[in-house]
Structures are given as structure tokens and as C-alpha cells.
Amino acid sequence: MMMESLLDTVRVSLASPPAAQAPRVRAAKPSPCTVSDEESSARPSDPAPCLYAHLLAEGPLQREQMIADLRLPPAIVDQGLRKLQSMQLAEYCTTMRAYRAVPPDVAQLSLSQPLQEEILRRNREIAQVHTELSPYAEAFGEHHRLLRREQSIVRHRNPATAARLLTEAIGVTTSQVLVMQPLGAEETAPESVLPDELLAAGNRLRLLLPHTARTRTALRPRLQGAQDAGADIRTAGYLLDSLILVDGYAALVPDPTAPPGTTATTVVYEPSLLALLHKVFDNSWQSATDFDGDSSGYGEALDEMRAAILELLATGLKDEVVARRIGMSARTFRRHMSSLMEELHAISRFQAGVAAAQAGLVSAEARGDARSV
């Protein structure tokens, strides 16, 4: 009986039609955009980041699916999709009729390419403007030269006026800018050694400094920047005086008649004097040593710097005068002198200079030049 009851139950179950199964619905993953009905008033101000994150995790997705998943109003979803498409972060696939996320680096490349092309086009236009204006700039410079020949030498007591004239001279010509700049015994501001007006000359600048510039830690980065811009920089043992020469246009030199404690500048326009000053500069430039921006010491210029000390000592100049002319502090000068005197077996500064001359380390011509400094 028990067996028959069990069989009857099986027959009934087999004969009964199966119950209909409910369709499987994909559960939406939590998203920062999803809000409850009670929180529906607190909508995200910018839905684009939430939509992008949801597309990355679940995409490609149709618009209606995103509305259902995130429980956001259609207008909010549309707003976010428009922003993502404008930023190239989402694209609509027509075959799937769905949106999919685009990697940010791909979007960045797509957005920046037109800008890069525009920059190149603008640069070509700027170069064309420079080319077209170049003849007029030369004519303007020639006009100024003719006007200033009436005043071949002008003295200016105001440093700002001298700086303005230098900027004008560099701007109206395409000539080389030749600069001879001694250094003081103490560290000075890099801008005072190489002002912005001179940096504007770019690859037209030829700058001559004492060898001691190689050891000025604050000055070196500015000199390296000038070299990167195309400037040619050399160093020498000692320099006669400051000189800024905008070749063929004007020269700026210190005014020795300025009252004590003040500075003044003499601006020279006379062509014959400009040609002479050019020769003075070239004479010092040819014997100078190229500045090495990667080396922080004297390098190959050490022997030349020590020879300059001996040349000046041979004239009988005092220690502080020699130190000032080569742009070295008194303490550093004494250290070099101690080493030189030991090598020359000298007991006095003057004797060291004489011993150097007798050993052929200082030429008679150099001693004559040093006496005239």
C-alpha cells in the first residue's frame, strides 16, 4: 500500500504541468548616483562622473538601462551623457544602440590634437610676421642711428634711463650684443650681472666674464639659462671694465665722472668709437675660455686665473686691488696666494710676481697691459 501511494504521487507530479518561472533580472550594482525615493530631491549636481563609472563597470549600456540602474530622471542622464560625449569620454555605438566608455588618454589625445595643430599654425603665422617686419625693423634702426649721430656721446645719471635705452637698442636692431662684465669681490644678485634686458638678446648675446664666475653658485643657473637660449659665454682672467655694445648701434660704459656713491652711464653712438670698442672686446674674447655650464669649478681655466693673479702682482698692485680686479673675495685670494707663493718659493707678493716673470709665467706684454688697467 505504501509503495502504491508513492507511485501515485510520482505519476501525479509528472502529469502536472510545470509552474512558470519568473524572468531573471540583472541586479544593478551600487552606484554613487543611485538614490532612494526619499532622497530623490538630492540629485548629483554633475552626473557625468557617476555615469562614466557605471559605463566602465557595466557598459556598453543603453540609455534606458542607465536610467533604470541609477534611478535618475532621464533629463539628468541625458545631461551627463552630453557632457561625457563632449569630453570624448563616451561614444554611442550604432550597431549596439548603446553607449560605451572611452579611456581618458584616448579622449585627451582626441581633444588635444586640434589644439596642437592650432598652435603650430599660430607659430607659423608668428614666424611670418617676424619675416615681414624684419626689413622695417632694420630701417627703423638705421633711422635712429642717423638721428643720434647729432649726439655722439650722452651721459645718463638715472639707471632706469640706461636700462630703457639698452632695451630699445636691442629691440630695434638685429646686431650682436657684446657684453664685458667684471664681477665684484662678493657674491651679487644674478640679475645685476645678467639683467633681463640682456637675456632678451637670446642667441645674439656674447657675454665675457671673469674666471671667478665659474664658482658663483647663485649665478651659474642664470648663465646656463642664457646658454640654453643660444648665448655664447666665455671667461677671462681679468677684464678692463664694464662694456655693453649693441654692435653698430650704441655702447654703454660706466661714467667715471659720477660722484662717489652714485652710478652713471655713458652712451656712445659715434661709429668710430663703436668700432674701437668692438676691437677691444674682440681682443679679450679671442683669448678667453668657453664657459662650461656642467662644471662647477674653474676646470681648465684655473691655470689662466692664477696667471692673471701673477700678472697683476708683477705690477706691484696691492692684494685687495688684485682681488677686486679678478672678482675674488679677499679670503679666497689669500688662499690662492699662499699656494702660489709656496710653489714659487717666494716670501712676498712682489717677489712672487717677479719670480713668475723670470720663470716665463708672465709675459712682458701682459705686465704692460696690467699696469695700464
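The structure we're discussing is the one just above.
Note that this is a predicted model, so its numbers are computed, not measured.

Conventions adopted
- Residues numbered from 1 in each chain as written.
- Predicted model: local features only at pLDDT ≥ 70, side-chain atom pairs only at ≥ 80, totals over all residues.
- Heavy atoms only, no water.
- Helix = DSSP H or I, 4+ residues; strand = E, 2+ residues; numbered from the N terminus.
- Axes fitted to C-alpha atoms, helices over the stretch in contact; angles between N-to-C directions.
- Parallel < 35°, antiparallel > 145°, perpendicular 65-115°, else oblique.
- Contact = heavy atoms within 4.5 Å.
- Nonpolar A, V, L, I, M, F, W, Y, C, P; charged D, E, K, R; others polar.
- Phe/Tyr/Trp six-rings, centres within 6.5 Å; stacked < 30°, edge-to-face > 60°.
- Buried < 20%, exposed > 50% of the residue type's maximum accessible area, 1.4 Å probe, protein only.
- Lys NZ or Arg CZ within 6 Å of the ring centre and 35° of its normal.
- Pairing = 2+ DSSP bridges.

> Outline unusual backbone geometry, supporting the account with residue identities and numerical values.
Backbone phi values are negative for most residues with the exception of glycine, while trans is the configuration of most peptide bonds. Cis geometry is adopted by the peptide bond preceding Pro60, which originates at Gly59 and carries an omega value of 0 degrees. Within the element layout of this structure, Pro60 appears in the loop between α2 (48–58) and α3 (63–70). The phi dihedral of Gln88 is positive, around 60 degrees, even though this residue is not glycine.

> Can you lay out the packing of α2 against α3 for me, pointing to particular residues and giving the numbers?
The interhelical angle for the contact between α2 and α3, taken along N-to-C directions, is 110 degrees, at an axis separation of 12 Å. It follows that α2 is roughly perpendicular to α3 by the angle criterion. Residue-level inspection shows Leu51, His54 and Leu55 of α2 in contact with α3, the latter providing Met66, Asp69 and Leu70. Its residues placed into classes, the contact of α2 with α3 shows four nonpolar, one polar and one charged.

> Outline the packing of aromatic side chains, supporting the account with residue identities and numerical values.
One pair of aromatic rings is described through two measures. These are the centre distance and the angle between the planes. Scanning the model with the defined rule gives three aromatic pairs in all. Note on Tyr249 and Tyr269: the rings are 6.4 Å apart at their centroids and 85 degrees apart in plane angle, and the pair reads as edge-to-face. On the criterion of sequence distance, the pair formed by Tyr249 in the loop between β7 (243–246) and β8 (250–254) and Tyr269 in the loop between β9 (265–268) and α10 (271–286) is long-range, its members being 20 residues apart. Considered together, Tyr249 and Tyr269 belong to a single accessibility category, that of buried residues. Above the face of the Trp285 ring, Arg206 is positioned so that its terminal group lies 4.8 Å from the ring centre.

> Break down the environment of Val177 for me, citing the residues and quoting the values.
By the secondary structure assignment, Val177 is in strand β4 (residues 177–180). Val177 gets classed as buried once you look at its relative accessible area, which sits at 0%. Separated by 28 residues in sequence, Val177 and Leu205 have C-alpha atoms that sit 4.8 Å apart. Beyond its immediate stretch of four places on either side in the chain, Val177 contacts Ile170, Leu198, Ala201, Arg204, Leu205, Arg206 and Leu245.

> Give me the lowdown on the sheet that holds β4, citing residues and values where you can.
Taking strand neighbours across the sheet as the criterion, the eight strands line up as β3-β9-β8-β7-β4-β5-β6-β10 in an open arrangement whose pairing is mixed. With one partner strand each, in any of the chains shown, β3 (153–156) and β10 (289–290) form the two edges of the open sheet. Pairing analysis gives four bridges linking β4 to β7, with the strands arranged antiparallel. Bridging from a neighbouring strand, Met180 pairs with Leu243 of β7.

> A description of the environment of Thr167 should follow, citing residues and the corresponding values.
Summarising the element assignment, Thr167 is placed in helix α6 (residues 159–172). A relative accessible area of 42% means that Thr167 is categorised as partly exposed.

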